[in-house]
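Observations on the model geometry
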Amino acid sequence: MKDWNGFKSELRSKGLSEASATTYVSALNYYLDYLKERGLENEVLEVLQVLFYLGDLRKKGLAHKTISLRLSEIKKYADYSGGASQVEQIKLASRGKSLPQNLLTKEELKMMYQSYPLNQLRKKVLLGLLVFQGLKKGESLELAKVDIDLDQALLRIKSGKKR
């Protein structure tokens, strides 16, 4: 990698702050050090080396967002230097959302619902809508009397996904 001042100036001209431009250069130095440790400093913008680097970051336990940022920094340098358009084609697989741990079981939810006293019917109905119908908190808060049609057993949801 070469011409850090020119690269930094290019980033600044595209609207990045001084601190952000410095962070880009610093992150690229980590990448260069990675390549030097492996004797690959002449293969800076080789797709395979970038992929190995990203894999190494993942093995070290860096967050998906951080790895994505590092890839973006390498892509910006590739764009600046006019090299290796293949690097610009690299995309990280989106990370799947993980479910919360220690969720209540179906039976536990049912028991909680059934244990609600009838004198708290409003709360029991809201709990039922949240648990058994999948309404979101915001959707349940937006409900009004006009949204409920007991004769047809319909509930109109104003926002969110249609159910």
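For the structure given in this document, a descriptive report is provided here. Source: prediction; values computed, not measured. Within each chain, residues carry numbers counting from 1 in the order of the written sequence. Local features in this predicted model are restricted to residues of pLDDT 70 or higher, and side-chain atom pairs are both shown and tallied only at a pLDDT of 80 or more, whereas totals for entire chains, interfaces and linings draw on every residue. Based on all heavy atoms of the structure, the side-chain values leave hydrogens and waters out of the count.

1. Describing the packing of aromatic side chains
Ring pairs shown here join Phe, Tyr and Trp side chains whose ring centres sit within 6.5 Å, with only the six-membered ring taken for Trp; geometry is labelled stacked below 30 degrees between planes, edge-to-face above 60, and tilted in between. Going through the model one piece at a time under the given rule, you end up with 6 aromatic pairs. The interplanar angle of 85° and the centroid separation of 5.2 Å between the aromatic rings of Phe7 and Tyr77 together place this pair among those described as edge-to-face. Of this pair, Phe7 sits in helix H1 (residues 4–13) while Tyr77 sits in helix H4 (residues 64–81), and the two are 70 residues apart along the sequence. Considered together, Phe7 and Tyr77 belong to a single accessibility category, that of buried residues. Grouped by ring-pair contacts, the aromatic residues Phe7, Tyr77 and Tyr80 constitute a single cluster. Geometrically, a charge over a ring is one whose NZ (Lys) or CZ (Arg) sits within 6 Å of the ring centre while staying within 35 degrees of the ring normal. Positioned above the aromatic ring of Tyr113, the side-chain terminus of Lys124 is 5.0 Å from the ring centre. Think of it this way: any DSSP run of H or I at least four residues long counts as a helix, any run of E at least two long counts as a strand, and we number them from the N terminus. Residue exposure (1.4 Å probe, protein chains only): buried if accessible area is under 20% of the type maximum, exposed if over 50%, otherwise partly exposed.

2. Let's talk about H4
One fewer than the residue count of a helix, multiplied by 1.5 Å, yields its expected span. When the terminal C-alpha atoms of H4 are compared, their 26 Å separation across 18 residues agrees well with the 26 Å that a helix rising 1.5 Å per residue should span. For H4, the complete set of buried residues consists of Ile67, Arg70, Leu71, Glu73, Ile74, Tyr77 and Ala78. Along the axis of H4, the buried positions cluster into a sector of 155°, meaning they face one direction only. Contacts are residue-level and defined by heavy atoms, with any inter-residue pair within 4.5 Å sufficient. Its buried side turned inward, H4 meets H1, helix H2 (18–37) and helix H3 (47–59). Two residues or fewer past H4, Gly82 is found with a positive phi of approximately 75°. To be clear, the arc concerns the directions from the helix axis to the C-beta atoms.

3. Quick word on helix H6 (residues 121–132)
Along an α-helix, residues three or four apart share an orientation, since each turn contains 3.6 residues. If you check H6, its first and last C-alpha atoms are 16 Å apart, about what 12 residues at 1.5 Å a residue would give, namely 16 Å. Along H6, the residues that are buried comprise Lys124, Leu127, Gly128 and Leu129. Where the residues of H6 are buried, they touch helix H5 (106–115) and strand E2 (154–155). Looking one or two residues beyond H6, the residue adopting positive phi is Gly134, at roughly 75°.

4. Here's the deal with the side chain of Ser140
Within the secondary structure, Ser140 sits in helix H7 (residues 137–141). What makes Ser140 buried here is its relative accessible area of 10%. Contact partners of Ser140, with chain neighbours within four places excluded, come to Leu126, Leu130 and Leu135.

5. Focus: the environment of Leu129
When you line up the elements, Leu129 lands in helix H6. For the pair Leu129 and Ser140, spaced 11 residues apart in sequence, the C-alpha to C-alpha distance is 7.6 Å. For Leu129, the residues in contact, after removing those within four places along its chain, are Gly134, Leu135, Leu143 and Leu155.

6. Some remarks on the pattern of salt bridges
Salt-bridge detection follows one rule: a side-chain nitrogen of Lys or Arg within 4 Å of a carboxyl oxygen of Asp or Glu. In the structure shown here, the tally under the stated rule is 7 salt bridges. Residue Arg38 pairs with Glu37 through a salt bridge whose shortest N-O separation is 3.3 Å. Looking at Arg38, the relative accessible area reads 39%, which means it is partly exposed. Glu37 sits in the exposed class, given a relative accessible area of 64%. Here Lys60 makes a salt bridge to Asp56, at a shortest N to O gap of 3.5 Å. Using a relative accessible area of 60% as the deciding quantity, one classes Lys60 as exposed. Each member of the salt-bridge network shares a partner with another, and the members are Lys8, Arg12 and Glu18.

7. Focus: the packing of H3 against H4
The contact between H3 and H4 brings their axes to 10 Å, and the two run at 155°. On the basis of their axis angle, the class for H3 and H4 is roughly antiparallel. The hand of the H3/H4 crossing is right-handed. Here Val50, Tyr53, Leu54, Leu57 and Arg58 of H3 lie close against H4, whose contacting residues are His64, Ile67, Arg70, Leu71 and Ile74. For the contact of H3 with H4, the residue count by class is 7 nonpolar, 1 polar and 2 charged. Axis definition: a line fit to C-alpha positions, over the contact stretch in the case of helices; interaxial angles, taken between N-to-C directions, run 0 to 180 degrees. Here is the rule for angles: anything less than 35 degrees is roughly parallel, anything more than 145 is roughly antiparallel, 65 through 115 is roughly perpendicular, and the remaining ranges are oblique. What makes a crossing left-handed is the near helix being turned counterclockwise from the far one by less than a right angle; a clockwise turn instead makes it right-handed. Gly is placed with the polar residues, together with every amino acid not listed as nonpolar (Ala, Val, Leu, Ile, Met, Phe, Trp, Tyr, Cys and Pro) or charged (Asp, Glu, Lys and Arg).

Geometric descriptors of this kind do not, in isolation, establish any biological role.
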